Amino acid sequence: LTMRFSIVALATLLAVGDSFSITSTPSLRTPPSLVPQASLSFSKSYAPISSRAARSTQLYESAAAAVPAPEESSSTGEGTATMTNEIFNLVKGIVGAGVLSLPAGIAAFGNAPSAVIPAVAMIAVIGALSAYGFSLIGRVCSYTGGKSYPDAWAKSVGEDTAWIPAVSATFKTVSAVLAYSMILADTGKALAETAGFVTTRTTALLSITSLILLPLCWMKSLASLAPFSLIGSLGMVYTAIAMGIRYFGKAYAVKGGQFAVAKELAPSFGVKGAASVMEPSSFILICMLSTAYMAHFNAAKFFIELKDNTIKRFNTVVGTSFGIAVAMFASVASLGFLTFGENCSGLILNNYAIKDSLMSFSRIAVAVSLIFSYPLAFQGARDGVLELFNIKNRDDKTLNGITLILLSLVTGMALKLKDVSFVLAMAGATLGNALIYVYPALMFRGAVKKMNNASNGIKREVKFALSQAVLGIGFGLVGATMALKTL
């Protein structure tokens, strides 16, 4: 089943028209006004998804659509992006390096293979809820004419509090940059050892930061980095396939495996199976998923740029994209856990042997992707900090100085913190849950209250949306508590 997920995702990403051009659009993980990132505009359509794959996304389309209403039937705006283009970019924005920590989320509550069953169910349910929150933001933009996440908030909830989602997104971006640095530290060390150089995690990160990341973050224009964003998506597909090959080939089997690794990283299984999902520690995986599915700050951008942007077409984009993301997340999380069990590292690539050439290519793809994506995310974090502290002077000297300070702080934290799964869980428990569950529900409620002729269906849906917000707060409180206990 997990290999089938990988094949569906691979076919979706690669069965794209053979002609495209690069344009500069906002990042899919940070505020659209802050970070330029590559977008692929396709001039030819891609092969349709198979009927089985299409059926697998119906759950997410239904969750995103929720209760349709007559008010949602007309198109607004003058967007030019096709549904194919939007689906590709949204999948590219959702499926990032964070997926490599999900096996550790399963290991947080279980150590028997059957723990995968409730874990996959959680991945699907949280994916559906995330898709619904993403859809709500687009619908709020349709109702209010909002052009961005903060603008939609201002027009639905109020201008005086529009800073709340903007600040949340800034700190969420900082946490993403921190996770990038932590992954680069581990990946850099492993690649150096593969090449025969003995080094430490600290030396690896300091070298990468000073020699590569700092010059890139000082660049005035990041347009030349945009094409490399595609490497991340292809790298994740390759990694899922490679993990499947290693699992089904039993290369890391407890007995008779081809590769040997340190005891703390070697496969280890116990008796805590599916029933262990009832333990509070399962909320760690839920909160990690809130980070993994995060693309919501750009929901308004996707809605506005969609050609003929009716709610039905937008929900199709959302449902299909999140459905593909669910397949990828379930594949990587399941394969990683079924291979290493309770010893899954916060970055699953750390579990694979240094001499495993198949997985070394995954490390290279992830490292290259993060290095060239890093400045895009960092610029969003830096500009968000400038806005937060109301720094108006944006000359080169000021920007370079703040870049150096912020990058030093992030690097210092990355050297201190070793478990990237903790960072992802905490960020998801706090900022992720707010941006995915709480804020969209409040905006939807505010938009409906301002309608003169809201249908009874939409009024009932407000209660459902608010219940999801309460659920998100509960997820966050329990998840943050359990994540802190892992320190």
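Everything discussed here concerns the structure shown above.
Residues numbered from 1 in each chain as written. Predicted model: local features only at pLDDT ≥ 70, side-chain atom pairs only at ≥ 80, totals over all residues. Heavy atoms only, no water.

Now for the nonpolar core. Formed by 141 residues in total, the largest nonpolar core has its most connected members in L100, F134, Y293, F329, Y374 and F444. Examining the composition of this core, we find that 18 residues originate from one element, helix α16 (residues 420–449), more than from any other. Sequence-distant contacts of L100, that is, excluding residues within four places in its chain, are made with M236, T239, V332, G346, L347, I348, L349 and V366. (Core = buried A, V, L, I, M, F, W, Y, C linked by side-chain atoms within 4.5 Å. Buried < 20%, exposed > 50% of the residue type's maximum accessible area, 1.4 Å probe, protein only. Helix = DSSP H or I, 4+ residues; strand = E, 2+ residues; numbered from the N terminus. Contact = heavy atoms within 4.5 Å.)

In this section: helix α9 (residues 201–217). The largest bend along α9 reaches roughly 40° and is located at T209. The set of residues buried in α9 consists of R201, A204, L205, I208, T209, L213, L214, L216 and C217. On its buried face, α9 sits against α8 (163–194), α14 (357–388) and α15 (396–416). (Bend = angle between axes of the 7 residues up to and from the residue.)

Next up on the list: α16. Over its 30 residues, α16 extends 41 Å from the first C-alpha to the last, a length consistent with the 44 Å expected when each residue adds 1.5 Å. Considering bend angle alone, the principal kink of α16 is centred on A434 and spans about 50°. When you tally the buried positions in α16, you get 26 out of 30 residues, the bulk of the element. (Expected span 1.5 Å × (residues − 1).)

On to the pattern of salt bridges, then. The final tally for this structure, using the stated rule, is 11 salt bridges. One salt bridge connects E461 with R139, and the closest N-O pair in it is separated by 2.7 Å. A residue pair is termed long-range when its members are at least 10 positions apart, and E461 in helix α17 (residues 456–485) and R139 in helix α6 (residues 116–144) qualify at 322 residues. Among the residues examined, E461 registers a relative accessible area of 2% and is labelled buried. Here R139 falls in the buried class, since its relative accessible area comes to 0%. Between K155 and D151 there is a salt bridge, and its shortest N-O distance comes to 3.5 Å. Of the two residues, K155 and D151 are both situated in helix α7 (residues 149–156); the distance of four residues between them amounts to about one turn of the helix. (Salt bridge = Lys/Arg side-chain N within 4 Å of Asp/Glu carboxyl O.)

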